[in-house]
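Each chain is listed here by its residues.
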Amino acid sequence: MSQPADLVINARWIIPVEPADVTLEHHAVAIRNGTIIDLLPQDLARTRYQANRTVSLPDHVLIPGLINLHAHCPMALMRGIADDLPLMRWLHEAIWPAEGKHVSSTFVREGTLLATAEMLRGGITTCNEMYFHPAAAAEAFDLLGMRAVIGLTALEFPTPYASDADDYLRKGLAARDAWHGHPLIDFALAPHAPYTVSDSTLARIATLAAELDIPIHMHIHETAQEVTDSLAQYGKRPLARLAGLDLLGDNFIGVHAVHLDDADIELLQHHRCSVAHCPTSNMKLASGIAPVARLLASGIRTGLGTDGAASNNRLDLFQEIRHASLLAKVSTLDATAVPAHSALRLATLNGAQALGLGDRIGSIETGKAADLCAVALDSFETRPCFNPASHLVHVAGREHVSHVWVAGEIRVDKGNAVLQLNDTELLGFAALWQTKLSN
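Not measured: the values here are computed from a predicted model. (Residues numbered from 1 in each chain as written. Predicted model: local features only at pLDDT ≥ 70, side-chain atom pairs only at ≥ 80, totals over all residues. Heavy atoms only, no water.)

Novice: Hey, could you run me through helix H9 (residues 262–270) in this one?
Specialist: When we look at burial in H9, the residues that qualify are Asp-264, Ile-265, Leu-267 and Leu-268. One side of H9 carries all its buried residues, which in axial view fall inside an arc of 155°. If you follow the buried residues of H9, they end up packed against helix H8 (238–244), strand S11 (274–277) and helix H11 (292–297). The positive-phi residue at the C-terminal boundary of H9 is Arg-272, with phi of around 60°. (Buried < 20%, exposed > 50% of the residue type's maximum accessible area, 1.4 Å probe, protein only. Helix = DSSP H or I, 4+ residues; strand = E, 2+ residues; numbered from the N terminus. Arc of directions from axis to C-beta. Contact = heavy atoms within 4.5 Å.)

What follows is the structure in structure tokens.
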């Protein structure tokens, strides 16, 4: 007898990510109550499942939803506001002054809505977010039905959001309490960077993370100057300082991690930390190239992030996948570095595991949430296709995303977003804030 399913997706190719280096042909995914209940050949699926709905993807690759391991979503409203500047000038001359004047809960909500719509259309189903007003961000992710881990930012200096580190943490923890238990929204502690957060605050964050069993999400070793300044002020490189404060562990996600020496890599490896690699932002700000091939060879879990749209300027994980693979090859002069399946793993299962969500998302496996992305390879610019995994890295882009599901719910259908807001409303937010930020 056939079993009931809410949805069966038949695809020309399926790359489940786990097991690694596998591409399945003419397989199907069966979904019930937002969860994957089977992955099997299409002929068998037709006899085993009676589906309420069947979707046929005859020229498509079905992959897990992409996971953006580092973003500042509201900064979509500042896209292109200050290009062609190094990091510290970019922050001090443009970003921080604009934020000081304009950031509010409305700014965060509307910017996050704009970013979330962009990410969903590009196949991203989970975002690891870091910004102010986490409750406003949660409202936006909830409205558009995207999975998110929202960082509770901490800084020592005042902003319109909070007055000092204690105030940041108090407000952030209150937002977490209000949204605790939401099926798609989790939280992390997000101290901004070693150069903006004190030892006492970092020690408190280490304690809170252990008590709450949540990740720590932090910029680290982004520029050579950051490392030089840390040596001058603390007599230690930033990662060594964090290790001394008990901040490093398997729940620690170090963002950027560009300037690493042997001792830094040993610390990341010893403490089983994760790295969020943001190749496009690192190139654009001229921060450098993270040693991803070496991180992976050392067994250090590495995922991919877009960073914010003010320093990228796209929230496009297909671009990050391609750049991560190509930068690894050119920086090592090794064409075999970060091959296609490995690059896809960076953007899916590795990110899920870094967030502590590896048992729920990141691969197409029975029992996991049906967070899925279909990529159409049916146009002349994607033909011929000899290797679909390689095509996803080196040929296809977010413009080829045809379908996106989050927990089994359709979010993009045949290239069209199925959201609570339409394009006109989203364009209105962009136009309004462009006018405000230009004055």
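Novice: Help me understand the sheet that holds strand S15 (residues 409–413) in this model?
Specialist: Consider a sheet: its strands pair through backbone hydrogen bonds, and that pairing is either parallel or antiparallel. Spatial ordering of the open sheet is given by S3-S2-S1-S4-S13-S14-S15-S16, a layout of eight strands whose pairing is mixed. Here the strands that pair on one side only, and so sit at the sheet edges, are strand S3 (35–41) and strand S16 (416–417). Judged from the ten bridges that link them, strand S1 (residues 3–14) and strand S4 (residues 49–64) form a sheet pairing that is parallel. Bridging across to S4, Ala-5 finds its partner in Ala-51. (Pairing = 2+ DSSP bridges.)

Novice: Can you walk me through empty space enclosed by the protein in this structure?
Specialist: Inspection of every chain in the model, using the stated rule, returns one cavity of 30 Å³ or more. Taken as a whole, the largest cavity spans an internal volume of roughly 270 Å³. The set of elements that each furnish at least two residues to the lining of the largest cavity consists of helix H2 (87–102) and strand S6 (124–131). No other element matches the six residues that H2 contributes to the lining of the largest cavity. Residues of the lining of the largest cavity, tallied by class, amount to 13 nonpolar, six polar and three charged. (1 Å grid on protein atoms, 1.4 Å probe; cavity = no way out; pocket = protein on both sides within 12 Å on 5 of 7 lines; lining within 4 Å. Points joined across faces, edges and corners; volume = space filled by probe spheres on them. Nonpolar A, V, L, I, M, F, W, Y, C, P; charged D, E, K, R; others polar.)

Novice: Mind showing me how you'd approach the layout of surface pockets here?
Specialist: Unoccupied space between atoms shows up once a probe the size of one water molecule is rolled over them. Roughly 420 Å³ of volume is contained in the largest pocket. Lining the largest pocket are 18 residues; nearest its centre among them are Ala-76, Arg-79, Leu-114, Leu-427 and Ala-430. Contributing elements (two or more residues each) for the lining of the largest pocket: helix H3 (105–121) and helix H16 (423–438). Ranked by the residues each element gives to the lining of the largest pocket, the list is headed by H16, at eight residues. By volume, the second largest pocket is sized at about 320 Å³. For the second largest pocket, the lining is made up of 20 residues, of which Phe-187, Asp-213, Ile-214, Pro-215 and Leu-355 are closest to its centre. Mapped onto the lining of the second largest pocket, the elements with two or more residues apiece are helix H5 (165–179) and strand S8 (185–191). The greatest single-element share of the lining of the second largest pocket, amounting to three residues, is contributed by S8. Its residues placed into classes, the lining of the second largest pocket shows ten nonpolar, five polar and five charged.

Novice: Whenever I open this one, the packing of H5 against helix H6 (residues 199–212) confuses me. Can you help?
Specialist: Running from N to C, H5 and H6 point in directions that differ by 15°, and their axes come no closer than 11 Å. With respect to each other, H5 and H6 are oriented roughly parallel. Pair H5 / H6 crosses with right-handed handedness. Across the interface between the two elements, Ala-165, Asp-166, Leu-169, Leu-173 and Arg-176 of H5 pack against Thr-201, Arg-204, Ile-205, Leu-208 and Leu-212 of H6. The class makeup of the residues in the contact of H5 with H6 is six nonpolar, one polar and three charged. (Axes fitted to C-alpha atoms, helices over the stretch in contact; angles between N-to-C directions. Parallel < 35°, antiparallel > 145°, perpendicular 65-115°, else oblique. Left-handed = near helix turned anticlockwise from the far one by under 90°.)

Novice: Looking at this model, I keep getting lost on H16. Mind explaining?
Specialist: One turn of an α-helix holds 3.6 residues; hence residues three or four places apart share an orientation. The terminal C-alpha atoms of H16 lie 22 Å apart, and with 16 residues this matches the ideal 22 Å at 1.5 Å per residue to within 8%. Taken together, the buried positions of H16 are Leu-426, Phe-429, Trp-433 and Leu-437. With its buried residues spanning 55° around the axis, H16 presents them on a single face. Along H16, exposed side chains directed more than 90 degrees from the buried face belong to Thr-424, Leu-427, Gln-434 and Ser-438. Buried positions along H16 lie against H2 and H3. Regarding H16, its N-cap is Asn-422, as a side-chain oxygen of that residue lies 3.1 Å from the backbone nitrogen of Thr-424 further along. (Expected span 1.5 Å × (residues − 1). Polar contact = N/O pair within 3.5 Å; in protein donor to acceptor, adjacent residues only side chain to side chain.)

Novice: Looking at this model, I keep getting lost on the packing of aromatic side chains. Mind explaining?
Specialist: How two aromatic rings sit relative to each other is set out by the distance from centre to centre and by the angle between their planes. In the structure shown here, the tally under the stated rule is six aromatic pairs. Centre to centre, the rings of Phe-132 and Tyr-168 are 6.4 Å apart; their planes meet at 35°, and the pair counts as tilted. Of the two residues, Phe-132 sits in the loop between S6 and helix H4 (134–144) while Tyr-168 sits in helix H5, which places them 36 residues apart along the sequence. Judged on exposure class, the residue Phe-132 and its partner Tyr-168 are both buried. Plain terms: the ring middles of Tyr-161 and Tyr-168 are 5.8 Å apart, the flat faces sit at 55° to each other, and that makes the pair tilted. As far as burial versus exposure is concerned, Tyr-161 and Tyr-168 are alike and both buried. (Phe/Tyr/Trp six-rings, centres within 6.5 Å; stacked < 30°, edge-to-face > 60°.)

Novice: Looking at this structure, I do not really get the pattern of salt bridges. What am I missing?
Specialist: Side chains that carry opposite charge are capable of pairing whenever their charged atoms lie near each other. Within this structure, the stated rule accounts for 26 salt bridges. Between Asp-262 and Arg-294 there is a salt bridge, with its nearest N and O atoms 2.4 Å apart. With Asp-262 in helix H9 and Arg-294 in helix H11, this pair connects stretches of sequence that are 32 residues apart. Residue classification places Arg-294 among the partly exposed residues on the basis of a relative accessible area of 39%. Sharing partners across several salt bridges, the network here consists of Arg-79, Glu-118, Arg-314, Asp-316 and Arg-398. (Salt bridge = Lys/Arg side-chain N within 4 Å of Asp/Glu carboxyl O.)

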